[in-house]
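Here's the letter readout for the chains.
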Amino acid sequence: MRTITRRSALKTTLASLTTALMTPAFGISAAAPRFSFSTLGCPKWPLATILKTAVDGSYQGVEFRGLMGELDLTKSPDFSTAERAADARNRFASQGVRICNLGASTQLHHADPTKRAKHLDEARRFIDLARQLDCPFVRVFPDQLPPDQDRAKTLDLISQGLLELGGYAKERAVTVLLESHGELTKSDWLLKIMTAAEHPNVGLIWDVFNMWVDTHETPVAVYQQLNRFIRHVHIKDARIEGAAHHYVAVGQGVAPLREAIGALRAGGYQGFYSFEWEKLWHPDIADPEQVIPQYPKAMKAYF
């Protein structure tokens, strides 16, 4: 007869919970996954090439993080006037491709009033552009934990910034998303920020690899903590080489994508799985013509 100890019971409970999160729940619609790619991966492509690649690759969305070398999308010639933004919106919509997210460089950790005002102003400009493009989301960064600034104060600054931007975004039918990024990738810190900033027009981007490689938290544990805030997901893969990592095509690295996607599916996630190929920051990695068309095919292995 097997004796059930407190430790074995706890182990069994955790194993059952992990299995439940990894298995699609009964009654949840098995809707086809939606794939997008970030223009961070194709920094030299014009708008026409981006759209053609999305259509040819059966993508449902494109996430704009810069265009033709201009990171401030509000200054891009393709979006610089209401008429040009409307033309871009209509071109994408006519091909069944959603402009699903705009990536701003906004950082919310700043306490200095001048820096803070500058970053919040950038986010507002992106929110206005998102409205013109019929884009649901604008991404902002947490982003740092300055050593000369109290941590609790920094987390509060980020939360207050999200609430301020969420109120502005609500009037424009846009949602502001904080990405798990920089020095703020631990789920307990993100949980504090997001709980304090709870608002219908504020959410979270789960960058699976960023969080896992920085904190070593399992995707199931992260999902348990943050699932109610997740609106968008960034996907990438890499091989770990000593203290560094080298980005590779999805499925060729060690990122725990199967576990993360299993948790998302079990929880009924319906948002985009967006390919973030960091070509702009790492010009030595494979060219976008090689990896972006392959991403939807590689992702099918997880569904």
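Residues numbered from 1 in each chain as written. Predicted model: local features only at pLDDT ≥ 70, side-chain atom pairs only at ≥ 80, totals over all residues. Heavy atoms only, no water.

A tally of regular secondary structure across the protein chain gives 11 helices and 10 strands. Considering only residue pairs separated by 6 or more positions, the protein chain has 76% of its internal contacts joining residues 24 or more positions apart. Taking the average location of the 35 positive side-chain charges in the protein chain and that of its 33 negative ones, the two points are 6 Å from each other. (Helix = DSSP H or I, 4+ residues; strand = E, 2+ residues; numbered from the N terminus. Contact = heavy atoms within 4.5 Å. Lys, Arg positive; Asp, Glu negative; His and termini not counted. Charge placed at Lys NZ, Arg CZ, Asp CG, Glu CD.)

Looking now at the side chain of His109. The topology assignment puts His109 in the loop between strand 3 (98-107) and helix 4 (113-132). Among the polar contacts listed, one links the side chain of His109 to the backbone nitrogen of Gln144, at a separation of 3.3 Å. Beyond its immediate chain neighbours, meaning those up to four positions away, His109 contacts Pro142, Asp143, Gln144, Pro146, Gln149, Thr154, Leu157 and Ile158. (Polar contact = N/O pair within 3.5 Å; in protein donor to acceptor, adjacent residues only side chain to side chain.)

The next subject is the packing of aromatic side chains. Counted according to the given criterion, the structure contains 15 aromatic pairs. Measuring from centroid to centroid gives 6.1 Å for Phe209 and Tyr247, while their planes differ by 65°, and the two rings are edge-to-face. You can see Phe209 sitting in helix 7 (residues 208-215) and its partner Tyr247 sitting in strand 9 (residues 244-248), a full 38 residues away along the chain. Taking the relative accessible area as the measure of exposure, Phe209 reaches 1% and is therefore buried. A relative accessible area of 7% means that Tyr247 is categorised as buried. Pairwise contacts between aromatic rings join Phe35, Phe37, Trp45, Tyr59, Tyr269, Tyr273, Phe275, Trp277, Tyr295 and Phe303 into one cluster. (Phe/Tyr/Trp six-rings, centres within 6.5 Å; stacked < 30°, edge-to-face > 60°. Buried < 20%, exposed > 50% of the residue type's maximum accessible area, 1.4 Å probe, protein only.)

For the rest of this paragraph, the subject is the side chain of Thr185. Relative to the assigned elements, Thr185 resides in the loop between strand 5 (175-179) and helix 6 (187-196). Here Thr185 falls in the buried class, since its relative accessible area comes to 5%. Within the structure, Thr185 has its side chain in polar contact with the side chain of Asp214 (distance 3.4 Å).

Turning our attention to the sheet that holds strand 7 (residues 230-235). The parallel closed barrel is built from eight strands, whose spatial order is 1-2-3-4-5-6-7-10. Here the strands of the sheet are splayed against their neighbours by 30° on average, with no regard to which way each runs. Sheet topology note: the strand 2 (residues 61-64)/strand 3 ladder contains four bridges and is parallel. Along strand 3, the bridge assignment pairs Gly61 with Arg98. (Pairing = 2+ DSSP bridges. Axes fitted to C-alpha atoms, helices over the stretch in contact; angles between N-to-C directions.)

Turning to the environment of Gly167, a few remarks are in order. Within the secondary structure, Gly167 sits in helix 5 (residues 151-170). In sequence terms Gly167 and Pro200 are 33 residues apart; their C-alpha atoms lie 9.1 Å from each other.

Okay, unusual backbone geometry next. For the peptide bond that leads from Pro142 to Asp143, omega is 25°, which places it in the cis range. If you trace the backbone, Asp143 turns up in the loop between strand 4 (137-141) and helix 5. The backbone of Ser58 sits at a positive phi, close to 60°, despite the residue not being glycine. Tracing the backbone shows Ser58 in the loop between helix 2 (47-56) and strand 2. Positive phi values are uncommon outside glycine, yet Met68 reaches one of about 55°. On the secondary structure map, Met68 appears in the loop between strand 2 and helix 3 (82-94).

So, about the confidence of the model for the protein chain. Of all residues in the protein chain, 90% attain a pLDDT of 70 or more, and the chain-wide mean is 92. Counting contacts from residues 1-29, a segment whose pLDDT is below 50, to residues more than four positions away or on other chains yields 27 contacts. (pLDDT = per-residue confidence, 0-100.)

Right, let's get into the state of the cysteines. The bond known as a disulfide is covalent and runs between the sulfur atoms of two cysteines. Applying the stated criterion across every chain yields a total of zero disulfides. Cysteine Cys100 remains unbridged, with the sulfur of Cys135 as its closest cysteine sulfur at 6.6 Å. When its relative accessible area of 1% is taken as the criterion, Cys100 is described as buried. (Disulfide = S-S within 2.5 Å.)

Here we take up the packing of helix 8 (residues 219-226) against helix 9 (residues 257-266). Helix 9 packs onto helix 8 with a crossing angle of 30° between their chain directions and a minimal axis gap of 8 Å. In this structure, helix 8 crosses over helix 9, and the sense of that crossing is right-handed. Of the residues in helix 9, those touching helix 8 at Pro219, Val220 and Tyr223 are Glu259, Ala260, Ala263 and Leu264. Residue classes in the contact of helix 8 with helix 9 are distributed as six nonpolar, no polar and one charged. (Left-handed = near helix turned anticlockwise from the far one by under 90°. Nonpolar A, V, L, I, M, F, W, Y, C, P; charged D, E, K, R; others polar.)

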